[in-house]
Amino acid sequence: MSGIRVIAGRELRAYFATPLAFVFIVIFLALMGVFTFYLGGFYERAQADLSPFFNFHPWLYLFLVPAIAMRLWAEERKSGSIELLMTLPVTTTAAVIGKFLAAWAFTALALALTFPIWITVNYLGDPDNGVILAAYLGSLLMAGGFLAIGSCISAANRNQVVAFIITVVICFLFLLAGFPVVLDFFGGWAPQALIDTVSGLSFLTHFNAISKGVIDLRDVFYFGMVIAAWLYATTIVLEMKKAD
Amino acid sequence: MIRAESLTKHYGALHAVDGISFTVQPGEVLGFLGPNGAGKTTTMRMLAGFVPPTAGRAEICGFSVEDQPTEARRRLGYLPEGAPSWGEMTPREFLDFIARVRDLKGEQRRSRLDDVIGRLHLGKVLDQRIETLSKGFRRRVGLAQAILHDPPVLILDEPTDGLDPNQKHEVRELINAMAKDKIIVISTHILEEVEAVCSRAIIISAGRIVADETPAALIRRSRHHNAVTLRFEHAAGLNEAAADLRALGDVDHVEIDEATRSVTAFPKGNALILTRVADLAGERGWALSQLHLESGRLDEVFRSITEKEAA
């Protein structure tokens with residue numbers, strides 16, 4: 001649909017019209033470097049792979065992606081431009097997808113700019129580039145999942161800070177859904193089927209599976225479903241309270 | 001055509017709009033009047049499809065705003081209250097975006113853009129960020145956006161708010177120039193604007209329509225309609241003059257305003273008393289600085305209608 005393309009194009013340009021894009025990309029790359037080389041011990045491991053790099057992605061995204069997502073709708077609501085956008089001849093779905101795709105493309109760009117580390121590891125050793133490519137794909141899918149959650153929360157809030165905090169919390173729950181910190185909450189009272197469902201929702205489990213280099217369609221499908229479901233929820237929230 | 005059928009919007013216990021119905025035909029310029037909070041903006045938002053009505057329905061050119069929103073919106077140019085836009089964009093980028101969303105292509109896009117940029121005098125600010133523009137320019141960018149696709153229906157929420165008198169005049173000229181074959185609905189606080197551009201006025205108070213007439217008919221409701229005001233050179237003799245006027249046939253009553261040294265004679269019914277008053281003034285040799293026939297005062301009609309309703 002042309003509406004999605006036009007809206008995504010406008011959004012993406014808006015990132016670069018403000019310092020937002022620059023600040024985000026610089027901080028994203030700096031933190032990636034810090035985590036990989038200091039906390040991850042990239043050199044000390046002396047292994048030609050990027051797992052110290054990718055292992056930190058979920059945690060970095062936990063705070064950086066909601067920072068991108070919080071403005072998606074909350075800002076439109078605050079400035080009143082949502083009234084203009086929602087009375088143009090585009091469907092709510094097209095607006096939601098367009099804005100999401102722009103944000104996703106932007107995180108993809110930030111992610112792509114980590115390419116020097118890929119060059120480094122190829123220079124130093126002989127890594128399995130298939131695994132690295134899979135891990136990049138998994139990382140991008142996970143960022144998409146976080147963004148879709150953030151999109152929905154942003155649509156429900158006028159205040160960007162509130163949207164940010166709620167998004168971080170929900171992303172945290174999704175990230176660790178398969179781990180005791182979340183599962184213990186269900187233990188003892190919930191039926192096993194529910195516990196299994198919840199643990200199956202873990203971003204981390206699916207991301208780790210992909211980043212090992214095994215692109216299982218189920219993992220890709222999982223992230224696709226998460227994105228679709230949260231974007232659908234975004235359109236419902238917007239239809240319900242766009243004018244409130 | 002715009003059709004509103006018992007449009008209603010409740011926010012909890014608050015009845016913001018309470019069963020408003022009207023239709024507007026091509027060639028009509030409808031002015032929406034009412035005190036703040038009367039429901040003007042909510043009504044316009046329901047017509048534009050931004051606020052879903054609690055009950056009732058709205059149609060634009062035969063398309064239901066709720067059920068066929070895209071079709072309805074294609075035919076509508078809408079200026080939301082406060083003329084919102086994206087501050088980080090320049091008017092050029094903004095209008096180009098709107099043109100693309102509205103599916104204007106190639107030569108048509110270029111000619112429409114040139115047309116609205118010229119009409120609203122945006123040439124000088126095309127490459128400045130919208131957030132750095134003055135309120136007047138921002139309003140004009142919003143108007144440009146609304147008329148860009150040359151829509152058959154225009155809904156403009158306070159189109160002249162924040163403009164200086166010259167700009168107001170230009171926007172009114174613009175509206176008048178477009179009025180012939182379009183349906184235009186504007187809301188405003190400025191009563192003179194209603195007289196200047198509207199062929200019909202709807203007054204809303206507390207979510208209901210309390211008057212729906214031509215501006216001329218509304219003015220005729222004014223107690224000042226056809227009254228004659230005389231302004232005297234000197235304060236002395238005001239009371240005697242007032243007594244003389246009161247004795248004149250068809251004069252209902254007389255009011256004296258000491259501050260402006262003027263006396264106003266109100267006619268009985270719609271009687272024309274100007275000639276008789278003028279004759280009397282000549283006869284008595286009153287030293288007048290002004291003598292004029294009042295056409296009526298819209299603000300007075302507005303106040304009397306909306307205050308009666310609110311009470």
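In this text the structure is predicted, and so the values were computed from the model without any measurement.

Asks: Describe the overall build of chain B, with residues and values.
Replies: Scanning chain B from N- to C-terminus turns up 11 helices and 14 strands. Dimensions of chain B along its principal axes, counting C-alpha atoms only, are 75 × 45 × 30 Å. Pairs at least 24 apart in sequence give 66% of the contacts found in chain B among residues at least 6 apart. If you sum the accessible surface of chain B, you get close to 13,700 Å²; carbon and sulfur atoms cover 46% of it. Here chain B carries 40 positive and 45 negative side-chain charges, and the mean point of each set is 4 Å from the other.

Asks: Pulling in residues and values, what's your account of the sheet that holds strand 3 (residues 29-33) of chain B?
Replies: Strand pairing in a sheet relies on backbone hydrogen bonds, with the paired strands running either antiparallel or parallel. Residue and element names in this part refer to chain B. Spatially, six strands are ordered 6-7-8-3-9-10 in an open sheet, and the strand pairing comes out mixed. Looking at the sheet topology across the chains shown, the edges are occupied by strand 6 (76-79) and strand 10 (208-213). Ignoring strand direction, the axes of neighbouring strands in this sheet form an average angle of 15°. In the sheet, strand 3 pairs with strand 9 (residues 200-205) via four bridges, with the strands oriented parallel. The residue bridging L33 from the neighbouring strand is I203, located in strand 9. Of the strands in this sheet, strand 3, strand 6, strand 7 (153-157), strand 8 (183-187) and strand 9 are in contact with helix 1 (residues 40-48), which crosses strand 7 at around 150°. Against the sheet, helix 5 (residues 135-147) makes contact with strand 6 and strand 7, and its axis sits at roughly 165° relative to strand 6, the strand it touches most.

Asks: Run through the pairing of strand 8 of chain B, naming residues and quoting values.
Replies: All names here are of chain B. Burial of strand 8 is extensive: five of the five residues sit out of reach of the surface. Because side chains alternate across strand 8, one face comprises the buried residues I183, V185 and S187, and the other comprises I184 and I186, equally buried. For strand 3 and strand 8, the ladder comprises four bridges, and the chain directions are parallel. Bridge pairing in strand 8 links L30 to V185. Pairing of strand 7 with strand 8, which is carried by five bridges, proceeds in the parallel orientation. Paired with I155 across the strands is V185, a residue of strand 8. Since strand 7 and strand 8 lie parallel, the crossover through helix 6 (residues 165-178) that links them has a hand, and here it is right-handed.

Asks: Outline the nonpolar core, listing residues and values.
Replies: Counting 158 residues, the largest nonpolar core has W73 and F203 of chain A together with F22 and I155 of chain B as the members making the most contacts within it. In terms of residue count, helix 10 (residues 129-156) of chain A provides more of this core than any other element does, 13 residues in total. When neighbours within four sequence positions are excluded, I155 of chain B is seen to be in contact with I2, M44, L47, I60, L76, G77, Y78, L79 and V185 of chain B.

Asks: Hey, could you go over the side chain of H225 of chain B for me, with residue numbers and the actual values?
Replies: All names here are of chain B. Considering the arrangement of structural elements, one finds H225 in the loop between helix 8 (215-220) and strand 11 (228-232). At 2.8 Å, the side chain of H225 and the backbone oxygen of S295 are in polar contact. With near-sequence residues (within four places) excluded, H225 lies in contact with I219, R220, P267, N270, E294, S295 and G296.

Asks: Got a sec to walk through the sheet that holds strand 1 (residues 2-11) of chain B? Specific residues and values, please.
Replies: All names here are of chain B. Ordered by their spatial adjacency, four strands build an open sheet running 2-1-4-5, and the pairing between neighbours is antiparallel. Single-partner strands in this sheet number two, and they are strand 2 (14-24) and strand 5 (63-64). Bridge count for strand 1 against strand 2 is eight bridges, and the pairing is antiparallel. In the sheet register, K9 faces strand 2, and the bridge partner there is V17. Running over the sheet, helix 1 touches strand 1, strand 2 and strand 4 (55-60) and is turned about 120° from strand 1.

Asks: So what's going on with empty space enclosed by the protein? Which residues, and what values?
Replies: Residue and element names in this part refer to chain B. Going through the model one piece at a time under the given rule, you end up with one cavity of 30 Å³ or more. Taken as a whole, the largest cavity encloses approximately 50 Å³ of empty space. Forming the boundary of the largest cavity are R119, L120, H121, R140, Q167, E170, V171 and L174. Looking at which element gives the most residues to the lining of the largest cavity, the answer is helix 6, with four residues. Per-class residue counts for the lining of the largest cavity are three nonpolar, two polar and three charged.

Asks: Please provide a residue-by-residue account of the domain arrangement of chain B, values included.
Replies: Split by domain assignment, chain B resolves into domain 1 (2-220) and domain 2 (228-294). Centre-to-centre separation of domain 1 of chain B and domain 2 of chain B, based on C-alpha positions: 44 Å.

Asks: Kindly report on unusual backbone geometry, identifying the contributing residues and their values.
Replies: Residues and elements named next belong to chain B. Phi is positive for C61, close to 50°, though the residue is something other than glycine. Among the secondary structure elements, C61 is positioned in the loop between strand 4 and strand 5. Even without being glycine, E158 reaches a positive phi, approximately 50°. Tracing the backbone through its elements, the reader meets E158 in the loop between strand 7 and helix 6. Given a relative accessible area of 13%, E158 falls into the buried group.

Rules of the game
Residues numbered from 1 in each chain as written. Chains lettered and ligands numbered in written order. Predicted model: local features only at pLDDT ≥ 70, side-chain atom pairs only at ≥ 80, totals over all residues. Heavy atoms only, no water. Helix = DSSP H or I, 4+ residues; strand = E, 2+ residues; numbered from the N terminus. Contact = heavy atoms within 4.5 Å. Areas by Shrake-Rupley, 256 points an atom, 1.4 Å probe, with all protein chains shown as cover. Lys, Arg positive; Asp, Glu negative; His and termini not counted. Charge placed at Lys NZ, Arg CZ, Asp CG, Glu CD. Pairing = 2+ DSSP bridges. Axes fitted to C-alpha atoms, helices over the stretch in contact; angles between N-to-C directions. Buried < 20%, exposed > 50% of the residue type's maximum accessible area, 1.4 Å probe, protein only. Right-handed = clockwise from strand over helix to strand, strands pointing away. Core = buried A, V, L, I, M, F, W, Y, C linked by side-chain atoms within 4.5 Å. Polar contact = N/O pair within 3.5 Å; in protein donor to acceptor, adjacent residues only side chain to side chain. 1 Å grid on protein atoms, 1.4 Å probe; cavity = no way out; pocket = protein on both sides within 12 Å on 5 of 7 lines; lining within 4 Å. Points joined across faces, edges and corners; volume = space filled by probe spheres on them. Nonpolar A, V, L, I, M, F, W, Y, C, P; charged D, E, K, R; others polar. Domains from an automatic or database assignment.

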